[in-house]
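Fold and contact review
Each chain is listed here by its residues.
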Amino acid sequence: MSRVWPTQGIPHQLGCTKGLAVSSELNCGAPKRYTPHKLQKVSGHAQAFDIQRHLSDPRGNRFRRCGIDSSERIFGHRRGCPEKQRLTSLAASTQFGKQTPDDVESAKLGAILGVNDEKYDEEYDEEDVNTDGDYSEADSENVEEEDMYPEFHIPGRVSIDAGAGGLPRATLTHVSGSVAEVYLFGANVTSFRTPNGAEVLYVRPDAAFDGVKPISGGIPICFPQFGPGGDSPGALPAVPAMQQHGFARNLAWEVVASGSDLGYGGHDVGLALRLCDNDYTRAMWDFPFELIYEVNLGEDELRCSLTVSNPGEVAFPFTAALHTYVSVFDVEDKKVNLVGLQDTRCYDKAMHPTKLRVRDQTEELVTFDGGLYDSVFVDTAPTVGLNVGTGASVLVSNTSGFTDTVVWNPGKEAMPGWYRDFVCVESGRVARPVKLPSDAIWESEMVITVLSEEAVLINEEQEIAELMEGLNEGERV
Ligand SMILES: O=P(O)(O)OC[C@H]1O[C@@H](O)[C@H](O)[C@@H](O)[C@@H]1O
């Protein structure tokens, strides 16, 4: 179905001609380490948020651009990345399931994927969850309505206010009606709703919004370590001890840019956040670093890119992941399954209580039986697809940097109240740490694309399989 934008000039009419709103002060911890050199509005996603290209180091030198090729060589001085753009464009071409506001009666998808569905509400009431763990309207009544970080507001597109627990929360609104919410604490995207209101992500009812514990749900960022490491049961090889999933998910990030009028369609809305080392991080991982996390919202697509910079004098090793919680109908229903992992090898943490086992995934579909499922699939195809049990599918594409896919469901014993409601499909660089040289940058990107029930029905499984095959033929960057 072709999409006709209601008003072509909407961003302009809403006063969004500036494209990117840029922080005048970049306070990352006490000393100001970088200043923005030139952030300008450009068309095309790859440039639009390529913030590190415009950041200079204290000596006035631009960061060297750098990537890691398939043979693990790190290359530098690469301006732009045609391969990344090609893959990005391929991922964008998967949007054959576009919905229009007229498709609202396809609320079946919304009703089942949405966190507001009846099933969820009933369980939620029964659990009588403490408001600390609730991110619903009840909490937002208790927090200030006042706008936060006004310099990053773009009317109708980007706002930042107090969310659950009073924590700053950015809301991105696409002209199509899709919405994403991002908590600055942990740079966690807690909500991604398609134009018909369907919630793609999942936040656990036991999630804390206290600014101390990581938010359990949405898309927590794991850095500088996926873990577990050291002597912990099931530790991955060569990973030192550190708190599970590192510290990036339990620190407040700062906003460095917001933008609208971006992307291939010219309507994407984006936000860029930043985290640098401080005394807390140095105490457990003694390296200087800068992370830039860019969230870019399209109509039925969410792009998340994590850039790691090493401004220090020595190389550092790290692992990283975007720990995406995807909402599903009922994990034990066989209609909930993952495709795209056949013939890959994984570290299976569920096979033995203390030892890591290696397993080959021979079956086409990954399904769930109510027990713990916890596997790190290594060197996966760039795109995997999660059929969420309603007819709709969520594609998770590793378009840059990430090489592995982690699949996790805690099972009924660990989380009886809500294990049925989600599957984590995590884009990661987990099995083999990156060793990032001094002054180098590592870039990664995950793209989540929603295929509506209609698209799946119309195109049938065969076409989706062909689509994924096409996507997976692309060489990883
Ligand atoms: O509860 P957390 O710390 O968010 O971690 C949840 C799970 O995250 C997954 O990524 C891991 O593979 C699991 O082993 C882990 O239990």
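How each quantity is defined
Residues numbered from 1 in each chain as written. Predicted model: local features only at pLDDT ≥ 70, side-chain atom pairs only at ≥ 80, totals over all residues. Heavy atoms only, no water. Helix = DSSP H or I, 4+ residues; strand = E, 2+ residues; numbered from the N terminus. Buried < 20%, exposed > 50% of the residue type's maximum accessible area, 1.4 Å probe, protein only. Contact = heavy atoms within 4.5 Å. Areas by Shrake-Rupley, 256 points an atom, 1.4 Å probe, with all protein chains shown as cover. Pairing = 2+ DSSP bridges. Near = heavy atom within 4 Å. Polar contact = N/O pair within 3.5 Å; in protein donor to acceptor, adjacent residues only side chain to side chain. Nonpolar A, V, L, I, M, F, W, Y, C, P; charged D, E, K, R; others polar. Phe/Tyr/Trp six-rings, centres within 6.5 Å; stacked < 30°, edge-to-face > 60°. Salt bridge = Lys/Arg side-chain N within 4 Å of Asp/Glu carboxyl O. Axes fitted to C-alpha atoms, helices over the stretch in contact; angles between N-to-C directions. Core = buried A, V, L, I, M, F, W, Y, C linked by side-chain atoms within 4.5 Å. pLDDT = per-residue confidence, 0-100. Disulfide = S-S within 2.5 Å.

Concerning the overall build of the protein chain
Scanning the protein chain for helices and strands turns up nine helices and 25 strands. Scored against the burial criterion, the 477 residues of the protein chain give a buried share of 60%. Pairs at least 24 residues apart make up 67% of the contacts formed inside the protein chain by residues separated by at least 6 positions. In the form shown here, the protein chain has an accessible surface area of approximately 19,000 Å², with 50% of it arising from carbon and sulfur atoms.

Details of the pairing of strand β15 (residues 316-327)
Extensive coverage of β15 is indicated by the burial of eleven of its twelve residues. Pairing of strand β10 (residues 221-222) with β15 involves two bridges; the strand directions are antiparallel. From the neighbouring strand, Cys-222 faces β15, where its bridge partner is Ala-321. Across eleven bridges, β15 lies against strand β24 (residues 422-436) in antiparallel orientation. Among the inter-strand pairings, Tyr-325 is bridged to a residue of β24, identified as Cys-424.

Brief notes about the pairing of strand β6 (residues 158-162)
A regular strand carries its side chains on alternate faces of the sheet. A large share of β6 lies buried, amounting to four of its five residues. Pairing of β6 with strand β7 (residues 168-173), which is carried by five bridges, proceeds in the antiparallel orientation. Within β7, the residue paired with Val-158 across the bridge is Leu-172. Here β6 folds back onto β7, and the loop between the two strands holds five residues, one of which, Gly-165, carries a positive phi near 65 degrees.

What about the sheet that holds strand β20 (residues 373-378)?
Strand order in the open sheet made by the seven strands is β10-β15-β24-β23-β20-β17-β18, with antiparallel pairing throughout. Of all the strands in the sheet, the pair left with one neighbour each is β10 and β18 (357-361). Relative to strand β23 (residues 404-409), β20 is paired through five bridges, and the arrangement is antiparallel. Following the sheet pairing, Asp-374 is matched in β23 by Trp-408.

A word on the site of the ligand
Contacts to the ligand come from Arg-204, Phe-226, Gln-244, His-245, Arg-249, His-323, Lys-349, Asp-374, Val-406, Trp-408 and Glu-426. A distance of 3.1 Å separates an oxygen atom of the ligand from a polar atom in the side chain of His-245. Between the ligand and Asp-374, the relevant distance is 2.6 Å, taken from an oxygen atom to a side-chain nitrogen or oxygen of the residue. Burial of the ligand by the protein chains amounts to 80% of its free accessible area of 400 Å². When the residues that make up the shell around the ligand are grouped by side-chain class, the tally is three nonpolar, three polar and five charged.

Structural notes on the side chain of Ser-216
Along the chain, the position of Ser-216 falls in the loop between β9 (188-193) and β10. According to the relative accessible area criterion, Ser-216 is buried, its value standing at 18%. Among all residues touching Ser-216, those that are not within four sequence positions of it are Val-203, Arg-204, Asp-206, Ala-207 and Tyr-325.

Comments concerning the environment of Asn-310
Locating Asn-310 in the fold gives a position in the loop between β14 (301-309) and β15. With 132 residues separating them along the chain, Asn-310 and Trp-442 place their C-alpha atoms 8.8 Å apart.

Section: the packing of aromatic side chains
Counting across every chain of the model gives 20 aromatic pairs. Consider the rings of Phe-223 and Phe-247, whose centres lie 6.4 Å apart with planes at 80 degrees: the pair is edge-to-face. Highlighted residues: Phe-223 in the loop between β10 and β11 (254-262) and Phe-247 in the loop between β10 and β11, separated in sequence by 24 residues. The exposure class assigned to Phe-223 is buried, which follows from its relative accessible area of 0%. Seen in terms of ring centroids, Phe-402 and Trp-442 are 5.7 Å apart; in terms of plane orientation they differ by 75 degrees. Their pairing is edge-to-face. Pair noted here: Phe-402 is in the loop between β22 (393-400) and β23 and Trp-442 is in strand β25 (residues 441-451), with a separation of 40 residues, a long-range link. Grouping aromatic residues by their ring pairs yields a cluster made of Phe-223, Phe-247, Trp-285, Phe-287, Phe-289, Phe-316, Phe-318, Phe-402 and Trp-442.

So, the pattern of salt bridges
Note on pairing: side chains with opposite charge can pair once their charged atoms come close. For the coordinates displayed, the defined rule picks out 16 salt bridges. The partner of Arg-303 in a salt bridge is Glu-301, with the nearest N and O atoms 2.8 Å apart. Just as Arg-303 is buried, Glu-301 falls in that class too. Salt bridges sharing partners connect three or more residues here, namely Glu-254, Arg-274 and Glu-290.

Digging into the sheet that holds β9
Sheet strands line up and pair through hydrogen bonds in the backbone, either parallel or antiparallel. In spatial order, the strands read β6-β7-β8-β9; together these four strands make up an open sheet with antiparallel pairing. Unpaired on one side and paired on the other, β6 and β9 mark the two borders of the sheet. Each adjacent strand pair in this sheet contributes to an overall mean axis angle of 20 degrees, direction not counted. Here strand β8 (residues 179-183) pairs with β9 via five bridges, running antiparallel. In the sheet register, Glu-181 faces β9, and the bridge partner there is Ser-191.

Re the nonpolar core
Grouped together as the largest cluster of nonpolar side chains are 78 residues, with contacts concentrated most on Ile-219, Phe-223, Trp-253, Tyr-293, Leu-302 and Phe-318. When near neighbours in sequence (up to four residues on either side) are disregarded, Ile-219 contacts Ala-187, Asn-188, Val-189, Leu-201, Tyr-293, Leu-302, Cys-304, Leu-322, His-323, Thr-324, Met-446 and Ile-448.

What to know about the confidence of the model for the protein chain
In the predicted model, the protein chain carries a mean pLDDT of 72, and 64% of its residues have values of at least 70. Note on residues 1-144: pLDDT is under 50 here. Beyond four places in sequence and across chains, it has 290 contacts. ipTM for the predicted complex: 0.98, alongside a pTM of 0.71.

As for the environment of Asp-279
Note on placement: Asp-279 falls in helix α7 (residues 279-284). With a relative accessible area of 70%, Asp-279 lands in the exposed category.

Considerations on the state of the cysteines
Applying the stated criterion across every chain yields a total of zero disulfides. Here Cys-222 stays free of any disulfide, with the sulfur of Cys-424 as its closest cysteine sulfur at 9.4 Å. In this structure Cys-222 comes out as buried when scored by relative accessible area, which is 0%. In this structure Cys-346 is a free cysteine whose sulfur lies 16 Å from that of Cys-424, the closest cysteine sulfur available.

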